[in-house]
Amino acid sequence: MSTTICQVMGFIVSSLGVTGCIVSTAMDMWSTQDLYDNPVTAVFQYQGLWRSCVRQSSGFTECRPYFTILGLPAMFQAVRALMIVGIVLGILGLLVCIFALKCIRIGNMEDSAKANMTLTSGIMFIVAGLCAITGVSVFANMLVTNFWMSTANMYQGMQNVQNRYTFGSALFVGWVAGGLALIGGIMMCLACRGLIPEESRYKAVSYNASGRNISYRTGPYKVGSGYEPETKTRKGAGYEEAARSEDGRRSYPSKHDYV
């Protein structure tokens, strides 16, 4: 029961994480204009991964997509790629996880197959969460670098008005979503251990003894068996040693040895 609960909770948490990654990638507020010490407050600018927007004080908002790919910075394109890879892996992990749920029976699927599918989906969720966290962190590092460079230029008097951008709400959504996907993937990996059958954990080979007891004679054989018995005039220690040596030489009995 605990395995099923862990698996279902991991699926729910991972679903929230993947959904958050999709929402974060589609949002336009990855970077917002810093209004501190900005004399122009009638226009508010914010940017996303796919377009930049301008909102006026009257409430009118105009957005313009990025019409170029080669003109964008390399780190910006890397953030795009990381978020897309995270979303694709998360969706594939959800599809695999649906068929791996223990509460859902599909045909004659064994628990070992469900355990492998659960582990696969868990690894996908972990990688998707790491991609989302890495992409958001790289974008945040770009914002911090540009912010302090713009601040330094403003204080040096190089420009009178310098637009500075700070963290947008999409960054926080991406961080939370990546963390949820990572936690959900770990829960799925933990649930995999409970789905492995006991007989497959400890594989052993059992040997059953034959029901027919076979006795061997070291003494004389019957007449007509094809072998002539060895005659011993003295019975004792020498006779017993000869019998043991005879058994040692003949490790595999023939068909004439059975009584």
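None of the values given here were measured: they were computed from a predicted structure.

Student: Quick rundown of the nonpolar core? Include the residues and the values.
Tutor: The nonpolar side chains of a soluble globular protein tend to be buried with one another. Within the largest apolar cluster, 18 residues are counted, with the highest numbers of intra-cluster contacts made by Trp30, Leu49, Phe76, Val79, Met83, Phe139 and Leu171. Of all the elements, helix α3 (residues 111-155) adds the most residues to this core, at 6 residues. In this view, Phe76 contacts Gly48, Leu49, Tyr66, Phe139 and Met142; residues no more than four positions away in its chain are not counted. Among the nonpolar cores identified, the runner-up in size contains 6 residues, and Leu94, Cys97, Leu101 and Met188 belong to it.

Student: Any details on the sheet that holds strand β3 (residues 51-56)? Residues and values, ideally.
Tutor: The 5 strands lie next to each other as β4-β3-β2-β1-β5, forming an open sheet whose pairing is antiparallel. Strand pairing shows two members of the sheet lacking a second neighbour, β4 (61-65) and β5 (165-167), which therefore form its edges. Pairs of neighbouring strands in the sheet enclose a mean axial angle of 25 degrees, with direction left out of account.

Student: So, the state of the cysteines: which residues are in play, and what are the values?
Tutor: Counted under the stated rule, the structure contains 1 disulfide. Paired through a disulfide, Cys53 and Cys63 show a sulfur-sulfur distance of 2.1 Å. Handedness here is read from the sign of the S-S torsion; for Cys53 and Cys63, about 110 degrees, the answer is right-handed. In this pair, Cys53 is assigned in strand β3 and Cys63 in strand β4, connecting sequence segments 10 residues apart. Overall, the relative accessible area of 29% leaves Cys63 in the partly exposed class. Free of any disulfide, Cys6 has its nearest neighbouring cysteine sulfur in Cys189, separated by 9.8 Å. Residue classification places Cys189 among the partly exposed positions, given a relative accessible area of 22%.

Student: Help me get a handle on the pattern of salt bridges, residues and values and all.
Tutor: For side chains bearing opposite charge, pairing can occur when the charged atoms are close. Here the structure, examined in full by the defined rule, presents 1 salt bridge. Of the charged contacts in the structure, one is a salt bridge between Asp28 and Arg51, with a shortest N-O distance of 2.9 Å. Of the two residues, Asp28 sits in the loop between α1 (2-26) and β1 (31-33) while Arg51 sits in strand β3, which places them 23 residues apart along the sequence. With a relative accessible area of 16%, Asp28 lands in the buried category.

Student: A description of the confidence of the model for the chain should follow, citing residues and the corresponding values.
Tutor: Overall, the prediction assigns the chain a mean pLDDT of 77, with 68% of residues at 70 or greater. Low confidence marks residues 200-207, where pLDDT is under 50. Its contacts with residues over four positions away, or in another chain, come to 3 contacts. Within the model, pLDDT remains below 50 along residues 221-239, and this stretch shows 13 contacts once partners closer than five positions in the same chain are excluded.

Student: So, the packing of aromatic side chains: which residues are in play, and what are the values?
Tutor: The full count for this structure, using the stated rule, is 7 aromatic pairs. With centroids separated by 5.7 Å and ring planes inclined at 85 degrees, the aromatic side chains of Tyr66 and Phe76 adopt a geometry described as edge-to-face. A residue pair is termed long-range when its members are at least 10 positions apart, and Tyr66 in the loop between β4 and α2 (74-100) and Phe76 in helix α2 qualify at 10 residues. Taking relative accessible area as the criterion, Phe76 reaches 7% and is therefore assigned buried. For the ring pair Phe167 and Phe172, a centre distance of 6.4 Å and an interplane angle of 70 degrees mean the geometry is edge-to-face. Given a relative accessible area of 30%, Phe167 falls into the partly exposed group.

Student: A description of the packing of α1 against α2 should follow, citing residues and the corresponding values.
Tutor: Here α1 crosses α2 at 155 degrees, and the two axes come no closer than 10 Å. When the axis of α1 is compared with that of α2, the two are roughly antiparallel. Crossing angle aside, the handedness with which α1 passes α2 is left-handed. Residues Gln7, Phe11, Ser14, Ser15, Val18, Cys21, Ile22, Ser24 and Thr25 of α1 form the contact with α2, whose participating residues are Met83, Ile87, Gly90, Ile91, Leu94, Cys97, Ile98 and Ala100.

Reading the values: the criteria
Residues numbered from 1 in each chain as written. Predicted model: local features only at pLDDT ≥ 70, side-chain atom pairs only at ≥ 80, totals over all residues. Heavy atoms only, no water. Core = buried A, V, L, I, M, F, W, Y, C linked by side-chain atoms within 4.5 Å. Buried < 20%, exposed > 50% of the residue type's maximum accessible area, 1.4 Å probe, protein only. Helix = DSSP H or I, 4+ residues; strand = E, 2+ residues; numbered from the N terminus. Contact = heavy atoms within 4.5 Å. Pairing = 2+ DSSP bridges. Axes fitted to C-alpha atoms, helices over the stretch in contact; angles between N-to-C directions. Disulfide = S-S within 2.5 Å. Salt bridge = Lys/Arg side-chain N within 4 Å of Asp/Glu carboxyl O. pLDDT = per-residue confidence, 0-100. Phe/Tyr/Trp six-rings, centres within 6.5 Å; stacked < 30°, edge-to-face > 60°. Parallel < 35°, antiparallel > 145°, perpendicular 65-115°, else oblique. Left-handed = near helix turned anticlockwise from the far one by under 90°.

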